[in-house]
Amino acid sequence: MTDQRPDPDSLLERVQRAEAVRRRGRLKIFFGACAGVGKTFGMLVAARERRAEGLDVVAGYVETHKRVETEQLLDGLEILPPRWVTYHNTQLAEFDLDGALKRRPALILVDELAHTNAPGSRHPKRWQDVEELLDAGIDVYTAVNVQHIDSLNDVVTQITGVAVWETVPDAVLARANEIELIDLPPDELLQRLKEGKVYLPQQAERAAQHFFRKGNLIALRELALRRTADRVDAQMRDYRNDHAIQDVWQVKERLLVCVGPGNSAENLVRASFRLAQLLKAEWIVVYVETAKLQRLSRAQRDAILRTLKLAEELGAEAITLSGHKLVDEIIGYARTRNVTRIALGKPTLLGWRHRVFGSLVNDIIRQARDIDIHLVGKESSFLSQMRANPYFARSRLYLGLASEEVYSPRKWREGYGWAIAVTTVCTGIDWWIFSYFDLANLIMVYLLGVVVVAVRYGRDPSVLSSFLSVLLFDFFFVPPRFSFAVADTQYLITFAIMLLVALVISNMTASIHHQAKIAGHRERRITSLYAMSRELAASRGKENILKIAVKHVADVFEAQAVLLLPNTAGRVVYPMAKSLTQSCHGSDLSVAQWVYDHEQMAGQGTDTLPGGEMVYLPVKATSGMIGVLVLLPLNPARLALPEQQRMLETFVSQIALALERVRLAAESHATQMKMETEQLRNSLLSAISHDLRTPLAAIVGASSSLVRDGEQMGHASRQELSQAIYDEAIRMAGLANNLLDMARLQAGAIVLNKQWQPLEEVVGGALAGIRMADHPVSIQLPADLPLVEIDSMLIERVFVNLLDNAVKYTPTNTAVEISAKVMQNELLVQVADHGGGIPLGEEVRIFEKFHRVTREGNQGGAGLGLTICRAIIEAHGGRIWADNLPTGGAAFHFALPLTQPPTIEPEV
């Protein structure tokens with residue numbers, strides 16, 4: 001009877017998944033083949049239906065493309081105001097994510113999922129905005145075309161000849177709760193294009209000649225239909241798993257082919273390939289390793305490897321399973337994958353052997369009641385002989401066993417020798433205790449010996465030990481002793497039962513021991529994979545990843561290894577560090593280049609250069625080729641095993657993911673730096689164009705008046721114009737000094753000239769260098785303030801910038817307060833004003849370069865004063881921050897570290 005109880009791990013995973021879905025908002029994607037099929041229209045119709053049900057619906061961002069019927073559907077819906085972004089002197093309307101989170105509707109419409117946000121947005125892509133909305137528990141309706149799916153991007157480019165740069169990761173679609181396909185036949189779409197319902201007439205004419213050709217539309221429609229069908233199939237499998245449905249639902253043809261070590265395996269694979277082609281079905285080739293099959297000869301395992309390789313070449317998914325019962329593993333896997341048909345070879349046991357020993361085919365037919373079974377006959381003996389002939393084989397791979405020890409003739413003889421020795425020892429023990437115990441107890445000693453032989457040397461020596469135990473027990477201990485004759489016929493039954501029990505124990509013990517060894521091998525493989533994955537995840541930098549990858553691959557697969565990466569010209573080269581090569585410098589770079597260019601394996605045991613000593617594997621990530629892994633195995637036969645091949649592919653995949661992560665991180669950092677540089681450049685140009693032009697205009701105006709009308713002006717007028725010229729020149733000089741100081745601080749060109757200074761002198765110098773006539777200054781410095789070791793000129797500049805900032809952002813005649821106190825090992829200084837304060841959320845940003853708080857009436861500036869203050873204070877080992885006073889106004893604080901001042905000798 002098959003155990004139908006649900007797997008506890010599956011139940012836990014199901015509960016966790018349900019809990020995550022409950023907390024997260026629901027995502028519905030309106031999916032189409034291309035623009036114009038009616039995705040936005042369908043989304044708005046569905047949104048109006050939800051609104052009619054009483055749901056709170058908001059249109060966050062909907063692109064109508066000026067289509068009248070689409071715009072009419074927006075009537076009556078609340079529309080979220082867009083967020084306007086200035087980019088290259090152009091106003092761009094973007095989706096307001098913060099406004100949506102603040103409004104928090106039950107359902108929000110966000111069109112154009114693949115859209116790239118304007119620079120300066122919180123997320124670079126709109127689908128990331130949607131993810132944040134979903135994490136906040138807000139349901140989202142959105143729309144996307146098939147050409148924007150990341151995994152289909154290159155296929156669409158090949159079909160249409162048009163590169164699409166805005167893509168959405170496949171994982172976003174996989175996490176969607178619902179995907180609704182908006183389908184429109186190509187002829188109807190072309191008619192809509194002609195009527196101007198998709199693009200303007202001029203754009204429509206160009207589109208019809210390029211992207212919107214009928215052949216392109218048919219291909220895109222098929223891609224969209226297939227992708228939606230795959231999604232529905234995945235949902236069906238999830239539903240079956242969630243509801244523990246064991247029966248197969250034959251909604252999509254899926255063929256499972258069972259292969260073994262027989263001569264007809266390759267013929268079965270070829271016949272199944274033809275059947276899958278006729279059925280247009282996905283097909284899977286499965287080989288199940290049981291304890292019995294794991295003891296196959298090298299030639300038989302060689303045949304299995306060739307069969308699985310042939311299946312992969314024909315487009316099948318080749319799977320290796322392991323278990324105790326062949327039928328249970330096949331049926332269980334078939335139900336997990338929702339297989340509709342199983343292909344098997346015809347039974348090899350006929351006549352009485354078929355009735356006595358049974359048949360795999362009959363067992364599968366009995367258990368697979370809802371799955372169709374196909375039987376394939378054997379190939380002709382002539383073909384079998386040809387395949388067995390080494391002259392007709394393309395290549396011969398002599399494989400060792402990965403999960404059990406391969407016995408040499410010497411080890412084989414030792415196993416049987418020890419079986420005889422252990423049985424002899426058991427006889428000696430029985431001889432010693434014969435006078436004290438019954439014969440039944442003597443039998444137990446022999447059975448113990450059988451167990452010892454089975455655990456240590458395997459099944460065959462333990463079988464020999466079983467027979468020897470019966471014979472020696474009969475000869476030495478059963479009357480008449482020292483003879484194989486039996487006086488009492490009942491002992492014949494004793495011998496038979498003893499032999500049967502010994503054989504059963506030896507078989508079970510050997511199988512358990514064998515399974516334990518296999519489990520140990522698998523545990524070591526999984527542990528090694530986990531260790532490498534953990535180190536790769538924690539590493540930063542390409543060189544560290546290469547060292548870790550080469551080290552683990554060399555250790556696990558007992559091979560010399562090197563990981564070759566391409567240079568800027570796309571040519572694979574050796575790594576510069578010798579520690580990355582593991583003595584594998586003999587690899588052929590021309591072969592590695594071929595592997596890199598063709599994305600295929602080469603070298604030993606492959607179709608390309610199978611006679612070579614090394615194995616060349618392509619290291620490929622989702623974005624393309626990354627490099628080539630070269631192995632020189634110490635035991636080529638072991639590396640050619642199917643399970644080792646799977647393990648090696650997993651290692652290569654993990655290495656590729658780690659290298660791609662480093663590359664993406666570098667690209668992200670470069671992009672971020674580029675964006676920041678662009679932002680700084682724009683801010684600097686804005687500062688120069690506005691903050692320098694304004695005082696320049698005043699200087700030009702005042703000086704031109706003096707030149708033109710100076711003789712006719714009175715003394716007071718000339719003095720006023722001269723003072724205006726002086727003030728604006730000082731303002732320009734201050735801006736220029738800020739720019740120069742910022743450049744020197746960033747370049748590290750300023751060296752601190754620290755000396756012990758009283759703080760009141762520094763404050764006095766700052767007040768002397770700035771005009772504070774319209775703002776009274778209150779100074780509250782305790783008389784016992786200690787000396788502080790600072791660069792007085794730079795700290796004075798900090799006070800000047802903070803006071804200048806207070807003058808700019810506070811009304812006339814409001815006081816500015818300077819205070820200081822000692823707290824623990826720091827000198828805390830505060831510069832406070834009584835103006836409008838700092839806007840909420842700007843307390844940290846005001847210290848960023850070129851960041852200014854826009855407020856009516858302020859005198860502007862380059863946004864560098866506070867940045868310079870922070871750089872100077874941090875250069876002194878201190879810290880600076882800002883907050884708002886409870887009574888109104890802003891307060892700027894900075895702390896300087898205090899050390900023990902020098903001792904001043906008294907004058908004599």
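Residues numbered from 1 in each chain as written. Predicted model: local features only at pLDDT ≥ 70, side-chain atom pairs only at ≥ 80, totals over all residues. Heavy atoms only, no water.

Caption draft 1: The overall build of the protein chain, seen in detail. Counting secondary structure elements, the protein chain contains 28 helices and 25 strands. For the protein chain, the residues scored as buried account for 42% of the 908 residues in total. Of the contacts formed within the protein chain by residues at least 6 apart in sequence, a portion of 68% connects residues at least 24 apart. A total accessible area of about 49500 Å² is found for the protein chain, and carbon and sulfur atoms account for 56% of it. (Helix = DSSP H or I, 4+ residues; strand = E, 2+ residues; numbered from the N terminus. Buried < 20%, exposed > 50% of the residue type's maximum accessible area, 1.4 Å probe, protein only. Contact = heavy atoms within 4.5 Å. Areas by Shrake-Rupley, 256 points an atom, 1.4 Å probe, with all protein chains shown as cover.)

Caption draft 2: Focus on the environment of Thr307. By secondary structure assignment, the location of Thr307 is in helix 12 (residues 298-313). Look at Thr307 and you get buried, because its relative accessible area is 2%. Thr307 sits 41 residues away from Glu266 along the chain, and the two C-alpha atoms are 5.4 Å apart.

Caption draft 3: Region of the structure containing the side chain of Ser466. Here Ser466 lies in helix 19 (residues 459-477). Setting aside residues up to four positions removed in sequence, Ser466 forms contacts with Val450, Leu499, Ala502, Leu503 and Ser506.

Caption draft 4: How the structure looks around the pattern of salt bridges. Applying the stated criterion across every chain, the model contains 28 salt bridges. Among the ionic pairs, Lys28 bridges to Glu180, the shortest N-O distance being 3.0 Å. Note that Lys28 is positioned in strand 1 (residues 27-32) and Glu180 in strand 8 (residues 178-182), a separation of 152 residues in sequence. Salt-bridge contacts for Lys551 lead to Asp555; the nearest nitrogen and oxygen are separated by 3.9 Å. Here the residue Lys551 and the residue Asp555 both occupy positions in helix 21 (residues 542-556), the gap between them amounting to four residues, near one helical turn. Each member of the salt-bridge network shares a partner with another, and the members are Arg24, Glu131, Asp135 and Arg175. (Salt bridge = Lys/Arg side-chain N within 4 Å of Asp/Glu carboxyl O.)

Caption draft 5: Examining the side chain of Asp129 more closely. Counting through the fold element by element, Asp129 comes out in helix 5 (residues 126-135). Buried charged residue Asp129 carries no salt bridge. Nearest counter-charge: Arg126, at 5.2 Å. One polar contact links Asp129 to Asn117, side chain to side chain, over a distance of 3.0 Å. (Lys, Arg positive; Asp, Glu negative; His and termini not counted. Polar contact = N/O pair within 3.5 Å; in protein donor to acceptor, adjacent residues only side chain to side chain.)

Caption draft 6: How the structure looks around the nonpolar core. Counting 59 residues, the largest nonpolar core has Phe95, Leu109, Leu133 and Phe212 as the members making the most contacts within it. For Phe95, the residues in contact, after removing those within four places along its chain, are Gly60, Tyr61, Leu80, Arg83, Ala100, Ile108, Val110, Arg126, Asp129 and Leu133. If you look at the next biggest cluster of nonpolar residues, it comprises 42 residues, including Val763, Val800, Val816 and Leu896. (Core = buried A, V, L, I, M, F, W, Y, C linked by side-chain atoms within 4.5 Å.)

Caption draft 7: Representation of helix 21. Its 15 residues place the ends of helix 21 21 Å apart at the C-alpha level, agreeing with the 21 Å of an ideal helix rising 1.5 Å per residue. Along helix 21, the residues that are buried comprise Ile545, Leu546, Ile548, Ala549, Val550, His552, Val553, Ala554 and Val556. Looking one or two residues beyond helix 21, the residue adopting positive phi is Glu558, at roughly 50°. (Expected span 1.5 Å × (residues − 1).)

Caption draft 8: Looking closely at the packing of aromatic side chains. According to the stated counting rule, one finds 12 aromatic pairs in the structure shown. Ring centres 6.3 Å apart and planes at 80° place the aromatic pair Tyr446 and Phe473 in the edge-to-face group. In this pair, Tyr446 sits in helix 18 (residues 439-457) while Phe473 sits in helix 19, placing the two residues 27 residues apart along the sequence. Exposure class is identical for Tyr446 and Phe473. Each is buried. Between Phe847 and Phe892, the ring centres sit 6.4 Å apart and the planes meet at 75°, which makes this aromatic pair edge-to-face. Taken together, the residues Phe847 in the loop between strand 23 (826-833) and helix 28 (865-875) and Phe892 in strand 25 (residues 890-897) connect sequence positions 45 residues apart. Look at Phe847 and you get buried, because its relative accessible area is 4%. (Phe/Tyr/Trp six-rings, centres within 6.5 Å; stacked < 30°, edge-to-face > 60°.)

Caption draft 9: View of the environment of Ile846. Inspection of the secondary structure assignment puts Ile846 in the loop between strand 23 and helix 28. Residue class for Ile846 comes out buried when judged on its relative accessible area of 7%. Put simply, Ile846 and Leu866 are 20 residues apart on the chain and 7.0 Å apart in space, counted from C-alpha to C-alpha. When neighbours within four sequence positions are excluded, Ile846 is seen to be in contact with Ile838, His851, Val853, Leu866, Ala882 and Phe892.

Caption draft 10: Expanded view of the sheet that holds strand 24 (residues 879-884). Pairing in this open sheet of five strands is mixed, and the strands run 20-22-23-25-24 from one edge to the other. A strand with exactly one partner marks an edge of an open sheet, and here the two such strands are strand 20 (777-780) and strand 24. Direction aside, neighbouring strands of the sheet carry axes that sit 15° apart on average. The pairing of strand 20 with strand 22 (residues 816-823) spans four bridges and is classified as parallel. (Pairing = 2+ DSSP bridges. Axes fitted to C-alpha atoms, helices over the stretch in contact; angles between N-to-C directions.)

Caption draft 11: Spatial organisation of the confidence of the model for the protein chain. Model confidence for the protein chain is summarised by a mean pLDDT of 78, while 80% of its residues fall at 70 or above. Looking across the protein chain, the model is least confident in helix 16 (residues 381-388), with a mean pLDDT of 39, and most confident in strand 6 (residues 107-110), with 94. Low confidence marks residues 379-412, where pLDDT is under 50. Its contacts with residues over four positions away, or in another chain, come to 51 contacts. Low pLDDT (under 50) marks residues 577-583, which in the prediction has 17 contacts with non-local residues, meaning those over four places away or in another chain. (pLDDT = per-residue confidence, 0-100.)

Caption draft 12: Seen up close, the packing of helix 18 against helix 19. The interhelical angle for the contact between helix 18 and helix 19, taken along N-to-C directions, is 160°, at an axis separation of 8 Å. Considered as vectors, helix 18 and helix 19 are oriented roughly antiparallel to each other. Considering how the two elements wind past one another, helix 18 and helix 19 form a crossing that is right-handed. Contacts between helix 18 and helix 19 pair Leu439, Leu442, Ile443, Tyr446, Gly449, Val450, Val453, Ala454 and Tyr457 from the former with Arg459, Pro461, Ser462, Ser465, Ser466, Ser469, Leu472, Phe473 and Phe477 from the latter. (Parallel < 35°, antiparallel > 145°, perpendicular 65-115°, else oblique. Left-handed = near helix turned anticlockwise from the far one by under 90°.)

Caption draft 13: Quick look at the sheet that holds strand 14 (residues 559-566). The strand order across the open sheet formed by five strands is 15-14-18-17-16, and the pairing between neighbours is antiparallel. Lying at the two open borders of the sheet, with one neighbouring strand each, are strand 15 (572-573) and strand 16 (602-603). Where strand 14 and strand 15 come together, two bridges link them in antiparallel fashion. Counted as the bridge partner of Pro566 is Val572 from strand 15. Seen against the sheet, helix 21 touches strand 14 and strand 18 (624-633) and runs at an angle of roughly 150° to strand 14.

Caption draft 14: Here's a closer look at the pairing of strand 2 (residues 57-61). In terms of residue burial, strand 2 counts as a mostly covered element, since five of its five residues are buried. Sheet analysis places strand 2 next to strand 6, joined by four bridges and oriented parallel. Residue Val58 lies in a different strand from strand 6, and its bridge partner there is Ile108. When strand 2 meets strand 3 (residues 78-79), the two strands line up parallel, connected through two bridges. Bridging across to strand 3, Ala59 finds its partner in Ile79.

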